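A look at the structure
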Amino acid sequence: MARTTDDTVTAACRRRGSKMALRMVCSSVLRAGTDLAVNNVRTFRNSARVCRWTPPLGPMPNDEVESENLESLEKYRSYTRYLKKAEDEKNTSVWWKTYRKHVEDRDPEHGAERVNIGLPRYRTSRIAEVRERRQIVKDNKKNIALEQATRLRTFKIPLDRVQEGWERSSGPFQIQRLADHYGVFRDLFPKAFFLPHVSLGISYSQENGHRVHYGNCLTPTDASLAPQVGFEAEEGSLWTLLLTCPDEHLLDNEAEYVHWLVGNIPGGQVQLGQELCGYLPPFPAKGTGFHRYVFVLFQQQGLVDFSEDARTSPCHSLTDRTFKTVDFYRKHQDSMTPAGLGFFQSQWDESVTNTFHNTLDMKEPVFEFVRPPVYHPPQVKFPHRQPLRYLDRYREGKEHTYGIY
């Protein structure tokens, strides 16, 4: 009787164990099937996403070129043909985003057509220029003295004639490129430009190093006094000379400070003109880097009334010197035209402090940390446990270092 009971219990346990094993197998199969289905769905999604990333937009540039057989390509045979082909390809519409499109999306006004507000350029015909050059070559070949000086290496090129030829030919275009490079037209005449046909000779001293060219560097000490300005002008003509700085305004980034303004200049004699605003030397604040100081020469159509633009003399108020070249030009655009240009760069030196304190009667703004002088304890005769370069900090005539001793 006891054995029968034990057999019954054992059989029941076996049936329960088989059921549990079957249940575990089914659950594992279902779980594996679920994971497999999820993996298949993920794979399908990734494949669809990849297909969506790389759609067939069109042929790529130079897609028809066989890289293995470059000798079979057609040669341009001349730079003119290459330039023409490049211009055609540049104007061809493409499906991909070009660099110009990227720039236009970031700056919609980039590459916009600017207005030429300067004097018209009268250029002689190309045939006349070629004839003149050929005649010069013939005359030089017949010049015995020139041939002898060239052979003996004693011939000197007159730089004044070279300067005059450059000013007549490519000088105004190169000056315009320099002005665009330094952002002069962008800040003074937005969406406009002009060709500086009239050459300005601006000198702060008799030395050649203190002349104003097109972006050279001068110190505020060099430009402490009003410069000597000269230019070629017809007798009876009237001019206006402006010196402004678009970088040193302390409160408004869009405004300028006028440093010098002379109007109704007769025949290129600046000293005889009507001084509307007295000369103020450059005062770039400490820590603001280089500032641009721009001379702009305007040619007047006749006598202009500048009573609204005149400042009190002497003018030591920065509020009164706040200025905008574009507003000044728009006010008198019917009676004057920009014709000459010159500019230099300058940064802080010791004379700027004197200009702020004595001329402008104000505290000097400083936009950088001024490191205090390094402290050196009194020198001891027998330095104990000091490095070998202990005496370097007390050496005469040597600039102190800020390192750790």
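Residues numbered from 1 in each chain as written. Predicted model: local features only at pLDDT ≥ 70, side-chain atom pairs only at ≥ 80, totals over all residues. Heavy atoms only, no water.

The next point concerns the overall build of the protein chain. Of regular secondary structure, the protein chain possesses 10 helices and 12 strands. Classification of the 405 residues of the protein chain by burial places 28% in the buried group. Across the protein chain, every contact between residues at least 6 apart in sequence was considered, and the portion connecting residues at least 24 apart equals 71%. Total accessible area computed for the protein chain in this model is approximately 29900 Å², and 53% of it derives from carbon and sulfur atoms. (Helix = DSSP H or I, 4+ residues; strand = E, 2+ residues; numbered from the N terminus. Buried < 20%, exposed > 50% of the residue type's maximum accessible area, 1.4 Å probe, protein only. Contact = heavy atoms within 4.5 Å. Areas by Shrake-Rupley, 256 points an atom, 1.4 Å probe, with all protein chains shown as cover.)

One pass over the structure, following the stated rule, counts 20 aromatic pairs. Where Tyr204 meets Phe344, the ring centres are 6.0 Å apart and the plane angle is 75°; that geometry is what we call edge-to-face. Here Tyr204 is found in the loop between β3 (201-203) and β4 (211-212), whereas its partner Phe344 is found in strand β12 (residues 336-346), with 140 residues between them in sequence. In terms of burial, Tyr204 and Phe344 fall into one category: buried. Ring geometry for Phe231 and Trp239: centres 5.2 Å apart, planes at 65°, overall edge-to-face. Grouping aromatic residues by their ring pairs yields a cluster made of Tyr204, Trp260, Tyr279, Tyr293, Phe295 and Phe344. (Phe/Tyr/Trp six-rings, centres within 6.5 Å; stacked < 30°, edge-to-face > 60°.)

Quick look at unusual backbone geometry now. Residue Pro314 follows Ser313 across a cis peptide bond; omega there is -5°. Checked against the element boundaries, Pro314 lands in the loop between β10 (291-300) and β11 (322-323). Positive phi, normally seen in glycine, also occurs at Asn264, with a value near 55°. Mapped onto the fold, Asn264 is located in strand β8 (residues 256-266).

What follows deals with the side chain of Gln345. Residue placement: Gln345 occurs in strand β12. Reaching out from Gln345, the side chain makes a polar contact with the backbone oxygen of Gly215 at a distance of 2.9 Å. If we skip the residues at most four places from it in the chain, Gln345 touches Tyr182, Gly215, Asn216, Cys217, Leu218, Phe290 and His291. (Polar contact = N/O pair within 3.5 Å; in protein donor to acceptor, adjacent residues only side chain to side chain.)

Within soluble globular proteins, side chains that are nonpolar tend to cluster in buried spots. Formed by 27 residues in total, the largest nonpolar core has its most connected members in Phe189, Val296, Phe298 and Leu341. Broken down by secondary-structure element, the contributors of at least two residues to this core are α7 (171-181), α8 (184-188), β2 (192-193), β8, β9 (274-277), β10, α9 (325-331) and β12. (Core = buried A, V, L, I, M, F, W, Y, C linked by side-chain atoms within 4.5 Å.)

Bringing helix α5 (residues 144-151) into the picture now. Between the side-chain oxygen at the start of α5 and the backbone nitrogen of Ala145 there is a gap of 3.2 Å, and the oxygen is on Asn143. One or two positions beyond α5, positive phi appears at Arg153, with a value near 60°.

On to the pairing of β10. Of all 10 residues that make up β10, 9 are buried, and the element is covered over most of its length. As defined by bridge partners, strand β7 (residues 238-245) adjoins β10 across 7 bridges and the pair is classed as antiparallel. Residue pairing for β10: Leu238 is matched across the bridge by Gln300. (Pairing = 2+ DSSP bridges.)

With antiparallel pairing, 3 strands are arranged side by side in an open sheet as β4-β3-β6. A single partner strand is all that each edge strand has here, and the edge strands are β4 and β6 (228-230). Note: β3 against β6, 3 bridges, orientation antiparallel. Looking at β6, one finds that Gly201 is bridged to Gly230.

A grouping of Arg131, Arg134, Lys138 and Lys142 is seen on the molecular surface, where their side chains present a positively charged patch. Residue placement: Arg134 occurs in helix α4 (residues 126-142). (Patch = residues over 30% accessible without salt bridge, like charges linked within 9 Å, V, L, I, M, F, W, Y side chains within 5 Å. Salt bridge = Lys/Arg side-chain N within 4 Å of Asp/Glu carboxyl O. Lys, Arg positive; Asp, Glu negative; His and termini not counted. Charge placed at Lys NZ, Arg CZ, Asp CG, Glu CD.)

Moving on, we come to helix α10 (residues 350-359). Every buried residue of α10 is listed here: Val352, Thr355 and Phe356. The buried residues of α10 all sit within an arc of 90° when viewed along its axis, so they share a single face. Away from its buried face, by an angle of more than 90 degrees, α10 presents the exposed residues Glu350 and Asn358. At the exit of α10 stands Asp361, carrying a positive phi of roughly 55°. (Arc of directions from axis to C-beta.)

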